[in-house]
Amino acid sequence: MASLLKGTLYEIRAQAPAPSKDYHQLLVTDSEVIWRWWKISLRREFRNVHPGEQINSHQDFLENYMLQVHIDVIFGNEVLKYICNLCQHHFDYLDRIPNGLLMYIILFLDLEDIARLSQTSRKFEKHVPLSGTSVQLYKSCVQCQTDYPKVCNSEELWERLVLRHCDTITPETRALASEVGWKEIFFTNKLQLQKKIRRRREKFGRIAENLPLTP
C-alpha cells in the first residue's frame, strides 16, 4: 500500500472569495503541505508583489492554526478536514487503487457485493448529488491518481460480466450494447434481448429501404 502514497496525494486550486481576487493553490505530498498564493490587484502598491509559498511538514500543518483558517475560508471546511486526515495518515486507500486492479477485483464479486461496493466510495457511485465545496472536493481529490470513473457502472466492467455469463456475443448484441449499454444487456433476459435485437434489425432495415440508390 505504501506505493500508493508516493508523490502528490492531493491538489486543489481556487480564487479567494470576493472581494479578493487572489489565487491560491494547496498541494499535499507524502511528507509536506505546500501553500502557494498569487496576489491579483490593480492597486499600485501590489504591482511588484511576487507569488508566495509556504511549506509545512504534516505535523507543522496540524499545528498551524492560521493556515487552516485560510484553507477553511478559501476551499471550505470539507477540504480542510480531508487535508487534516491526510496529515494524520488517515489515507483513502480504496480511492487510490489503480482502476485496472479494481476492475480485476470487482469481477470476482457477486452482483449484490458490486451493489454494496458502489455505495462505499464516491469513486464507485453511479450518481453523486453534491453541491458547493463537496463538488470541489470530489472533482479535485486525488486528481493525480485517478479520474474517478464510475467503476461499478462502467461499460468495461459490465461488458466483461456479460462475456463471463454468456457463451457467445453476436455482432447484433454488441451493436445493441453500443446503444443501450452493457449493463442493460446484462439485466435483460434472453427473450427480451431477442425482441430488442429484432426491433433494432427492423428499424435499420426500414432506414436502409428509404435510402436513395446511388447511380
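Above: the structure in question.
Residues numbered from 1 in each chain as written. Predicted model: local features only at pLDDT ≥ 70, side-chain atom pairs only at ≥ 80, totals over all residues. Heavy atoms only, no water.

A full pass over the atoms with the stated rule returns 7 aromatic pairs. When the ring of tryptophan 158 is compared with that of phenylalanine 187, the centres are 5.4 Å apart and the planes differ by 50°; the resulting orientation is tilted. Placement of tryptophan 158 in helix H8 (residues 155-165) and of phenylalanine 187 in the loop between helix H10 (182-186) and helix H11 (190-210) is noted, with a sequence separation of 29 residues between them. For phenylalanine 187, a relative accessible area of 53% puts it in the exposed group. Plain terms: the ring middles of phenylalanine 186 and phenylalanine 187 are 5.1 Å apart, the flat faces sit at 80° to each other, and that makes the pair edge-to-face. An aromatic cluster is built from Trp158, Phe186 and Phe187, whose rings are joined through pairwise contacts. (Phe/Tyr/Trp six-rings, centres within 6.5 Å; stacked < 30°, edge-to-face > 60°. Helix = DSSP H or I, 4+ residues; strand = E, 2+ residues; numbered from the N terminus. Buried < 20%, exposed > 50% of the residue type's maximum accessible area, 1.4 Å probe, protein only.)

Our next topic: the side chain of asparagine 64. Residue position: asparagine 64 is located in the loop between helix H1 (58-63) and helix H2 (65-75). Setting aside residues up to four positions removed in sequence, asparagine 64 forms contacts with Gln54 and Asn56. (Contact = heavy atoms within 4.5 Å.)

Turning to the layout of surface pockets, a few remarks are in order. Over the atoms rolls a probe the size of a water molecule, and in doing so it shows where empty space is left. Approximately 430 Å³ is the volume found for the largest pocket. Along its surface, the largest pocket is lined by 15 residues, and Cys166, Thr168, Ile169, Lys190 and Leu193 are the ones closest to its centre. For the lining of the largest pocket, the secondary-structure elements that each account for two or more residues are H8, H10 and H11. The biggest single contributor to the lining of the largest pocket is H11, with 4 residues. Among the residues forming the lining of the largest pocket, the class breakdown is 7 nonpolar, 6 polar and 2 charged. Counted as a void, the second largest pocket has a volume near 250 Å³. Forming the boundary of the second largest pocket are 14 residues, of which His24, Trp35, Trp37, His70 and Ile74 lie nearest the centre. Contributions of two or more residues to the lining of the second largest pocket are made by strand S3 (32-38) and H2. (1 Å grid on protein atoms, 1.4 Å probe; cavity = no way out; pocket = protein on both sides within 12 Å on 5 of 7 lines; lining within 4 Å. Points joined across faces, edges and corners; volume = space filled by probe spheres on them. Nonpolar A, V, L, I, M, F, W, Y, C, P; charged D, E, K, R; others polar.)

What follows is about the pattern of salt bridges. As enumerated under the stated definition, the model contains 5 salt bridges in all. Between glutamate 53 and arginine 36 there is a salt bridge; the shortest N-O distance is 2.6 Å. Taken as a pair, glutamate 53 in strand S4 (residues 52-57) and arginine 36 in strand S3 lie far apart in primary sequence, 17 residues in all. Overall, the relative accessible area of 45% leaves glutamate 53 in the partly exposed class. A relative accessible area of 24% places arginine 36 in the partly exposed class. (Salt bridge = Lys/Arg side-chain N within 4 Å of Asp/Glu carboxyl O.)

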